[in-house]
Amino acid sequence: MNMLAEPLQKFATNSLESHWLPFTASRDFKAEPRLVVKSEGMYLWDHKGGKIIDGSSALFNVAAGHGRKEIIEAVHAQMLQNDYSPHFQLGHPGSFALSAKLSQILPEPFNHIFFVNSGSEAIDTALKIVMAYHRARGEGQRLRFVSRERAYHGVNIGGVSLSGLMKNREAFPGVIPNVVAMRHTWDSENTFVRGQAETGAELADDLQRFCDMYGASTIAAVFVEPVAGSTGTLVPPKGYLERLREICDENGILLVFDEVITGFGRLGAPFAAQAFGVTPDIMTMAKAITNGTIPMGAVAARDEIYETITNSAPENAIEFFHGYTYSAHPVACAAGLATLDIYEREGLFDRAADLSGYFLDAIYSLKDIPAVRDIRGYGMMAGVEAWPEDGKPGVRGNRLQKELFWKGLHVKFTGDTAIVAPALIAEKSHVDEIVDILRQTLSVL
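The shown structure was predicted, so the numbers you read here are calculated from the model rather than taken from an experiment.

J.: Is there a simple way to explain the pairing of strand 10 (residues 297–302) in this structure?
T.: Both faces of the sheet carry side chains from a regular strand, because those side chains alternate between them. By the criterion of burial, strand 10 is predominantly enclosed, with six of the six residues buried. Both faces of strand 10 are covered, namely the face carrying G297, V299 and A301 and the face carrying A298, A300 and R302. Summarising the sheet, strand 4 (residues 110–116) and strand 10 pair through six bridges and their orientation is antiparallel. Residue pairing in the sheet places F114 in a bridge with V299 of strand 10. Two elements, strand 9 (residues 282–285) and strand 10, share four bridges in a ladder whose sense is antiparallel. Of the residues in strand 10, the one forming a bridge with T284 is V299.

J.: What exactly am I supposed to notice about empty space enclosed by the protein here?
T.: Here the idea is plain: a probe the size of a water molecule rolls over the atoms and shows the empty space left. Considering all chains together, one arrives at three cavities of 30 Å³ or more under this definition. Approximately 140 Å³ is the volume attributed to the largest cavity. Lining the largest cavity are 15 residues; nearest its centre among them are T185, N190, A197, V235 and R376. Grouping the constituent residues of the lining of the largest cavity by class yields eight nonpolar, four polar and three charged. Here the lining of the largest cavity spans two domains, since at least three of its residues come from each of domain 1 (26–67 + 347–443) and domain 2 (71–345).

J.: Can you help me understand the sheet that holds strand 3 (residues 51–54) in this one?
T.: Hydrogen bonds between backbone groups are what pair the strands of a sheet, and the pairing can be parallel or antiparallel. An order of 1-2-3-13 is seen for the four strands of this open sheet, with the pairing classed as mixed. Among the strands making up the open sheet, the edge pair consists of strand 1 (36–40) and strand 13 (409–410). Sitting on the sheet, helix 14 (residues 428–442) touches strand 2 (43–46), strand 3 and strand 13, and the angle it makes with strand 3 is about 110°.

J.: Help me understand helix 10 (residues 303–311), please; the structure alone is not making it clear to me.
T.: Note: α-helices contain 3.6 residues per turn, so residues at a spacing of three or four share the same orientation. Those residues of helix 10 that fall on the buried side of the exposure criterion are D303, I305, T308, I309 and T310. Residues of helix 10 that are buried make contact with strand 4, helix 5 (119–136), strand 8 (254–258), strand 9 and strand 10.

J.: Explain helix 11 (residues 330–345) here, please?
T.: Taking 1.5 Å of rise per residue, 16 residues should cover 22 Å, and helix 11 covers 23 Å from first to last C-alpha, within 8% of that figure. Among the 16 residues of helix 11, twelve are classified as buried, and the element is accordingly described as predominantly covered. Of the positions making up helix 11, those classed as buried are P330, V331, A332, C333, A334, A335, G336, A338, T339, L340, I342 and Y343. Where helix 11 is buried, its residues contact helix 3 (69–81), helix 4 (93–105) and helix 12 (348–364). Once helix 11 finishes, G347 follows within two positions and takes phi at roughly 55°, a positive value.

J.: Teacher, can you tell me more about the packing of helix 12 against helix 14 here?
T.: When two helices pack together, their arrangement is given by the angle between the helix axes and the distance between those axes. Here helix 12 crosses helix 14 at 20°, and the two axes come no closer than 10 Å. In terms of axis orientation, helix 12 runs roughly parallel to helix 14. Crossing of helix 12 against helix 14: the hand is right-handed. Of helix 14, the residues touching helix 12 (which contributes L355, Y358, F359, A362 and I363) are K428, V431, D432 and V435. In terms of residue class, the contact of helix 12 with helix 14 is built from seven nonpolar, no polar and two charged.

J.: Can you walk me through the packing of helix 5 against helix 10 in this structure?
T.: In the contact formed by helix 5 and helix 10, the axes pass within 9 Å of each other and the chain directions differ by 65°. Remark: the crossing between helix 5 and helix 10 carries left-handed chirality. On the side of helix 5, the interface is formed by I129, A132, Y133 and A136, while helix 10 contributes E304, I305, T308 and I309. Classifying every residue of the contact of helix 5 with helix 10 by side-chain character gives six nonpolar, one polar and one charged.

J.: How should I be thinking about the side chain of H134 in this particular structure?
T.: Positionally, H134 belongs in helix 5. Residues within four places of H134 in sequence aside, it is in contact with E139, G140, R142, A220, G252 and L254.

Calculation notes
- Residues numbered from 1 in each chain as written.
- Predicted model: local features only at pLDDT ≥ 70, side-chain atom pairs only at ≥ 80, totals over all residues.
- Heavy atoms only, no water.
- Buried < 20%, exposed > 50% of the residue type's maximum accessible area, 1.4 Å probe, protein only.
- Helix = DSSP H or I, 4+ residues; strand = E, 2+ residues; numbered from the N terminus.
- Pairing = 2+ DSSP bridges.
- 1 Å grid on protein atoms, 1.4 Å probe; cavity = no way out; pocket = protein on both sides within 12 Å on 5 of 7 lines; lining within 4 Å.
- Points joined across faces, edges and corners; volume = space filled by probe spheres on them.
- Nonpolar A, V, L, I, M, F, W, Y, C, P; charged D, E, K, R; others polar.
- Domains from an automatic or database assignment.
- Contact = heavy atoms within 4.5 Å.
- Axes fitted to C-alpha atoms, helices over the stretch in contact; angles between N-to-C directions.
- Expected span 1.5 Å × (residues − 1).
- Parallel < 35°, antiparallel > 145°, perpendicular 65-115°, else oblique.
- Left-handed = near helix turned anticlockwise from the far one by under 90°.

As structure tokens, this is what we get:
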């Protein structure tokens, strides 16, 4: 018997039925399950003993590779010392240490951080911060939010309201009102462009159109992923983010960067804000903050936003009526501190910048395959989009994800696009292995 499969023998044949899986075709999955029973470094192992290279850092969150003993030891030590204490009118040292360490890698002036448990919670928290800020300034009429087509901002009701992905919202009509969407930045004339396209900055003028149509004084904030990740790696054209920043400044609108995927070195800099040289007013983050080991997210706000909200409340009163039972969980903070230590000690952000050229060269070598419709990439993140099958978007991508797994490669698909984002510890040989499996599989479509 395969040693990796032994634990499965304890369960009945139909034991998979009780779990309602997230973002999964449950009936299809349970007919032929793909179970991961071990992970280490750049690799996963399935319940049949197969070895799979992780081409998407799990869900873009395991940036330092799997099985990091430093994080495991930090978590274990924290659980022995203080497994949990609440953060409502109490505190523990780890959250203050983690927020201080995060502030060191964030752009100025971001020195105030609110901890949550996921990227979805980070977005809902950012929405509340925006509303509280404008109310504190006497501009409570700013009730409109701007997002984008093809945007993904998590699955809580605030994030669904901002979503520009039809399938993520069509079954959930009870969203918050007053959300409008700018056009996305993908252009069929800019296929196979590496990095930022030369044209397309004018798409940011959609925000100005909304100012002119609804009145700038009614708009609270614009939410964007600097690189739209879950929709398939849409890189902003040159000048696009700069133009958004300019319009926001002219009209008193807050600019929010959703850095849940782009944060922590993915683009060869600590955050996309530094990679593109555009500083937002609020930043959301999650995923790689703990290297995927313990659920955690965070929202960073410019100092002026924190001070405005805090100073508007009476002395000794709660200033921001928001939080979660597990906000700044002691164990998550310990994992976050250990993770940031790894990033710093191993220079993983610089390593990502150094490897990016080789990675993108390898990914763009797939351009000659007839089944490939487009390739987009920046830093250590790329989208390889296949042509839809018989006019049915997503069918080919769903089949490819399963097929690639059994051929030894895990990559996250959205629709027909493979989102390739290996851990920042990857070697050139790992990049070659990922691209070789992609080529073998895509070439026979």
